[in-house]
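Here are the chains, one letter per residue:
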Amino acid sequence: MAAEKQVPAGGGGSSSGGSGGGRGAGGEENKENERPSAGSKANKEFGDSLSLEILQIIKESQQQHGLRHGDFQRYRGYCSRRQRRLRKTLNFKMGNRHKFTGKKVTEDLLTDNRYLLLVLMDAERAWSYAMQLKQEANTEPRKRFHLLSRLRKAVKHAEELERLCESNRVDAKTKLEAQAYTAYLSGMLRFEHQEWKAAIEAFNKCKTIYEKLASAFTEEQAVLYNQRVEEISPNIRYCAYNIGDQSAINELMQMRLRSGGTEGLLAEKLEALITQTRAKQAATMSEVEWRGRTVPVKIDKVRIFLLGLADNESAIAQAESEETKERLFESMLSECRDAIQAVREELKPDQKQRDYILDGESGKVSNLQYLHSYLTYIKLSTAIKRNENMAKGLQKAVLQQQPEDDSKRSPRPQDLIRLYDIILQNLVELLQLPGLEEDRAFQKEIGLKTLVYKAYRCFFIAQSYVLVKKWSEALVLYDRVLKYADEVNSDAGAFKNSLKDLPDVQELITQVRSEKCSLQAAAILAPGRTV
């Protein structure tokens, strides 16, 4: 114990910028090594088995030291520092500053569960380095070789931990957890090597062990095991699809819609799989029709995006949470921007021809330019839907006017006004799309949508005046809201179908009339205030 107290605070705080810990965090990390667990103490006094809560330890460490924000480098630094403190506490040093002397944890040393923890930290350090390299490999492909090397190292340490846990000195639960941990890391390594059968076998073994552990303990204790089972289920389905189970793709698509989506190794591969599936279908797509005009589609990236358009819109509609919906909106907008960029690159050499066609007798823009207008229409329409979805959530908070926690700033009418400003700017851009200048129906439809959003924007400007007790100004704005709403109702006619997804104007009219009555009563009661 005294040896641990001599460990300088710098062990935990020397890289405080990376670990976010400072001295306080270093002190907490030291205490992790100071306190022998119940299993260790029992072994010394009563001869009972050693115990190590492997999954609980790694999950808590990961959440507290970087992985909550996807910072694998910070977590790797934590693993290194914890290893160093453990070695010093156990007097299990690898030589000195002048000479390295390799040592291995053997069964004879298993008098304290911290020797098992030492091997576990070795595996976690190698795994976190592999995950860090995976992030960097997106821009530097050569790092993938280093990534595979680190994963192999992690599996090697996990296998060593499993071998040590086979000792009679270790309890049955720890043995099972060590086997599941090794199977998990082995599955990840095979997954990266695209050895689908070996990967699915490893993941299934891991899943089976955790399910048995979950069934053997109380519901509160089983939560952690069930979470791990949920984490690896998408990986199992992805492996099954690659082996030949075509039904697995539907399950993977459903998993994509769930809260949080898929994480880890699978997230990028699932997106790549969806793109690959669409690419196979894209070969059959040669043209697209929009607003009565058919244009050829020769760019593969545009074909893939247009083929997945309906699926993306359906996924957004079926999303279970706002977080998932926002993620899908952002993914769709990113794909759309890539498709637009591909068309722009084709438009550059086509510039002279496009100018010639514009000056010709027909007055029509080229097919490529019209396709660009269509994709821009999709991008702007999607951005409007996303902002409208955000506005719906804010409206409830603003209108209910419930007090929020001190730690959070409560939504204000100004937040909604900014969103509606962005929406109105998007509508202005829609009116300026090349090729649609003579489309009177389109111009009318966008004009009506503009009136709807102007009405809502005006309403929340009035609400902001109410908050500062400027009732006269608010009443004038309420009258303007009713004017916009009446224009929409009188001109909607044939455009009701295109307006059905917009905010309800009738509901707004009812709300404005109610607010006006309340406001007039408040103004009358206020001394010296005229309306």
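Residues numbered from 1 in each chain as written. Predicted model: local features only at pLDDT ≥ 70, side-chain atom pairs only at ≥ 80, totals over all residues. Heavy atoms only, no water.

## Topic: helix H9 (residues 143–165)
Note on helix geometry: an α-helix contains 3.6 residues per turn, so any two residues three or four positions apart are oriented the same way. For H9, built from 23 residues, the straight-helix expectation of 33 Å at 1.5 Å per residue is met to within 8% by its first-to-last C-alpha distance of 33 Å. Along H9, the residues that are buried comprise Leu 147, Leu 148, Leu 151, Ala 154, Val 155, His 157, Ala 158, Glu 160, Leu 161, Glu 162, Leu 164 and Cys 165. Along its buried surface, H9 packs onto helix H6 (54–64), helix H8 (114–136) and helix H10 (172–192). (Helix = DSSP H or I, 4+ residues; strand = E, 2+ residues; numbered from the N terminus. Expected span 1.5 Å × (residues − 1). Buried < 20%, exposed > 50% of the residue type's maximum accessible area, 1.4 Å probe, protein only. Contact = heavy atoms within 4.5 Å.)

## Considering the layout of surface pockets
Approximately 880 Å³ is the volume attributed to the second largest pocket. At the level of elements, helix H16 (309–318), helix H17 (322–347), helix H19 (367–400), helix H20 (413–431) and helix H21 (440–467) are the ones that each hand at least two residues to the lining of the second largest pocket. With 10 residues, the single largest contributor to the lining of the second largest pocket is H19. Partitioning the lining of the second largest pocket into residue classes produces 13 nonpolar, four polar and 10 charged. Counting contributing residues per domain, the lining of the second largest pocket is built from domain 2 (289–353 + 365–400 + 410–432) and domain 3 (439–530), each supplying no fewer than three. (1 Å grid on protein atoms, 1.4 Å probe; cavity = no way out; pocket = protein on both sides within 12 Å on 5 of 7 lines; lining within 4 Å. Points joined across faces, edges and corners; volume = space filled by probe spheres on them. Nonpolar A, V, L, I, M, F, W, Y, C, P; charged D, E, K, R; others polar. Domains from an automatic or database assignment.)

## A word on the confidence of the model for the protein
When the pLDDT values of the protein are averaged, the result is 79; 75% of them are 70 or greater. This model gives residues 1–25 a pLDDT under 50, and the stretch forms 31 contacts once residues within four places in sequence are excluded. Here residues 354–362 is a poorly scored stretch, pLDDT under 50, and it has 11 contacts once near neighbours within four places are set aside; other chains count. (pLDDT = per-residue confidence, 0-100.)

## Focus on unusual backbone geometry
A positive phi angle, near 55°, is found at Asn 91, a position not held by glycine. Relative to the helices and strands, Asn 91 is located in the loop between helix H7 (72–89) and H8. Taking relative accessible area as the criterion, Asn 91 reaches 59% and is therefore assigned exposed. A positive phi angle, near 65°, is found at Lys 469, a position not held by glycine. Within the secondary structure layout, Lys 469 lies in the loop between H21 and helix H22 (471–491).

## Digging into the nonpolar core
A general tendency of soluble globular proteins is for nonpolar side chains to be buried together. Membership of the largest hydrophobic core comes to 75 residues, with the highest contact counts inside it found for Val 302, Phe 305, Leu 306, Leu 375, Ile 378 and Leu 430. Of all the elements, H21 adds the most residues to this core, at 13 residues. When residues of this core are assigned to domains, at least three map to each of domain 2 (289–353 + 365–400 + 410–432) and domain 3 (439–530). If you look at the next biggest cluster of nonpolar residues, it comprises 64 residues, including Leu 55, Tyr 78, Ala 123 and Ala 180. (Core = buried A, V, L, I, M, F, W, Y, C linked by side-chain atoms within 4.5 Å.)

## Some details on the pattern of salt bridges
What the rule picks out here adds up to 21 salt bridges. Two residues, Asp 439 and Arg 291, come together in a salt bridge whose shortest N-O distance is 2.7 Å. Taken together, the residues span a long stretch of sequence, with Asp 439 in the loop between H20 and H21 and Arg 291 in the loop between strand E1 (287–290) and strand E2 (293–296) at a distance of 148 residues. Looking at Arg 291, the relative accessible area reads 33%, which means it is partly exposed. Salt-bridge contacts for Glu 330 lead to Arg 386; the nearest nitrogen and oxygen are separated by 2.7 Å. A residue pair is termed long-range when its members are at least 10 positions apart, and Glu 330 in helix H17 and Arg 386 in helix H19 qualify at 56 residues. (Salt bridge = Lys/Arg side-chain N within 4 Å of Asp/Glu carboxyl O.)

## Notes on the side chain of Lys 325
Summarising the element assignment, Lys 325 is placed in helix H17. Put simply, Lys 325 is tucked away with no salt bridge, and the nearest opposite charge, on Glu 322, sits 4.3 Å away. Apart from the residues within four sequence positions on either side, Lys 325 is in contact with Ile 316, Ala 319 and Asn 389. (Lys, Arg positive; Asp, Glu negative; His and termini not counted.)

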